Amino acid sequence: MIRDLIIKNRSYRRFYQDSAIDIQTLRELVDLARLSASAGNMQSLKYILSCEPEKNAAVFQHLRWAAYYKDWPGPVEGERPSGYIIILGDTSIYKNFYCDHGIASQSILLGATEKGLGGCIFASIDRDGLKKTLGIDDKFEILLVIALGKPKEKVVLEKVAPDGNIKYWRDDSAVHHVPKRSLDEIIID
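In what follows, the accompanying structure is described. Starting afresh in each chain, residues are numbered from 1 along the sequence in its written order. For this predicted model, a pLDDT threshold of at least 70 governs which residues receive local features, and a threshold of 80 or more governs which side-chain atom pairs are given and counted, while totals over whole chains, interfaces and linings are taken from all residues. As a rule here, side-chain values cover all heavy atoms of the structure and leave hydrogens and water aside.

**Describing the packing of aromatic side chains**
Any aromatic ring pair is given by two values, namely how distant the centres are and how the planes are angled relative to each other.
Next, step 1: The criterion for an aromatic pair is that two Phe, Tyr or Trp rings (for Trp, the six-membered ring) have centres within 6.5 Å, with stacked assigned to planes under 30 degrees apart, edge-to-face to planes over 60 apart and tilted to the rest. The tally for this structure, following the rule as stated, stands at seven aromatic pairs.
Next, step 2: Summarising the aromatic geometry, the rings of Y69 and Y168 are spaced 5.3 Å apart at their centres and angled 85 degrees between planes, so their arrangement reads as edge-to-face. Of the two residues, Y69 sits in the loop between helix 3 (53-60) and strand 2 (83-90) while Y168 sits in the loop between strand 5 (155-159) and strand 6 (169-170), which places them 99 residues apart along the sequence.
Next, step 3: An aromatic cluster of three or more residues is present, and its members are F60, W65, Y68, Y69, W72, F122 and Y168.
Next, step 4: If you follow R13 out to its NZ or CZ, it ends over the ring of Y168, 4.6 Å from the centre. Comment: elements are numbered from the N terminus, with helices defined as DSSP H or I runs of at least four residues and strands as E runs of at least two. Our definition puts a charge over a ring when NZ of Lys or CZ of Arg is within 6 Å of the ring centre and also within 35 degrees of the ring normal.

In structure tokens form, the structure reads like this:
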């Protein structure tokens, strides 16, 4: 069952924007992160939730959407996320967040996948702009942003080609293809 969730949990970049996500759903997803592992049990992550159109638009403008799609600024209106979870590190608790935000993100996305949602984790963020736009206190470091919604695209896993190219691409039918290295290639004896 966990394998199926992991396989289904892809980086989705286009959504049915009119399929709303409510604040309670976002809270349930953050609760999964709260219950997950935390280095030294410091629990120094905090979260900003967004599911209102105006706030979503404010967050959207500070994200960089797909590095391999050079001429694509992100999803058009109508295909944008219905919600966001911004993961912050509270420096008043601890200054090093280790991999906690990665663990939290995976927990959130697996929970979202189980609910029939999809998402994309962003580390490519205009942090200063987002901080200013949302009025985020300086004691918080923006670590990641998770975009969430009902996926509007199909994502297919592929074997990495013999040339080793790992760049994802979209075909003529707008199917998103993601090359993955084989298990034997990543295990070193």
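**A look at the side chain of E153**
Next, step 1: Note on placement: E153 falls in the loop between strand 4 (140-149) and strand 5.
Next, step 2: From its side chain, E153 meets the backbone nitrogen of R13 in a polar contact 2.5 Å long.
Next, step 3: A 3.5 Å cut-off defines polar contacts: any pair of N or O atoms within that distance qualifies, except that in protein one atom must be a possible hydrogen donor and the other a possible acceptor, and neighbouring residues in sequence count only when both atoms are side-chain atoms. In this structure the side chain of E153 is engaged in a polar contact, spanning 3.3 Å, whose partner is the side chain of R14.

**What about the nonpolar core?**
Next, step 1: One finds L26, L29, I85, I87, I108, I146 and L148 to be the most contacted residues of the largest nonpolar core, which totals 20 residues.
Next, step 2: Of all the secondary-structure elements, those providing two or more residues to this core are helix 2 (23-34), strand 1 (45-50), strand 2, helix 4 (100-114) and strand 4.
Next, step 3: Among buried residues, the Ala, Val, Leu, Ile, Met, Phe, Trp, Tyr and Cys ones that are joined through side-chain atoms within 4.5 Å form a nonpolar core. Relative accessibility thresholds used throughout: buried, under 20% of the residue-type maximum; exposed, over 50%; partly exposed, between the two (1.4 Å probe, protein chains only). Within the second largest apolar cluster, 17 residues are counted, among which are F122, L130, I136 and A147.

**Description of helix 5 (residues 127-134)**
Next, step 1: Here helix 5 has its buried residues at G129, L130 and K131.
Next, step 2: Any two residues having at least one pair of non-hydrogen atoms within 4.5 Å are treated as being in contact. On its buried side, helix 5 packs onto helix 3, strand 2 and strand 4.
Next, step 3: Residue G135 follows helix 5 closely and has a positive phi angle near 65 degrees.

**A few points about a nonpolar patch on the surface**
Next, step 1: To count toward a patch, a residue needs a relative accessible area above 30% and no salt bridge. Like charges then connect within 9 Å, nonpolar side chains (Val, Leu, Ile, Met, Phe, Trp, Tyr) within 5 Å. A 1.4 Å probe and the Shrake-Rupley method give the accessible areas. Residues count as covered only by the protein chains that appear here. Any carboxyl oxygen of Asp or Glu within 4 Å of a side-chain nitrogen of Lys or Arg constitutes a salt bridge here. A cluster of nonpolar side chains, M42, I93, Y94 and Y98, forms an exposed patch at the surface whose accessible area comes to about 340 Å².
Next, step 2: When you line up the elements, Y98 lands in the loop between strand 2 and helix 4.
Next, step 3: Under the relative-accessibility criterion, Y98 is labelled partly exposed at 46%.

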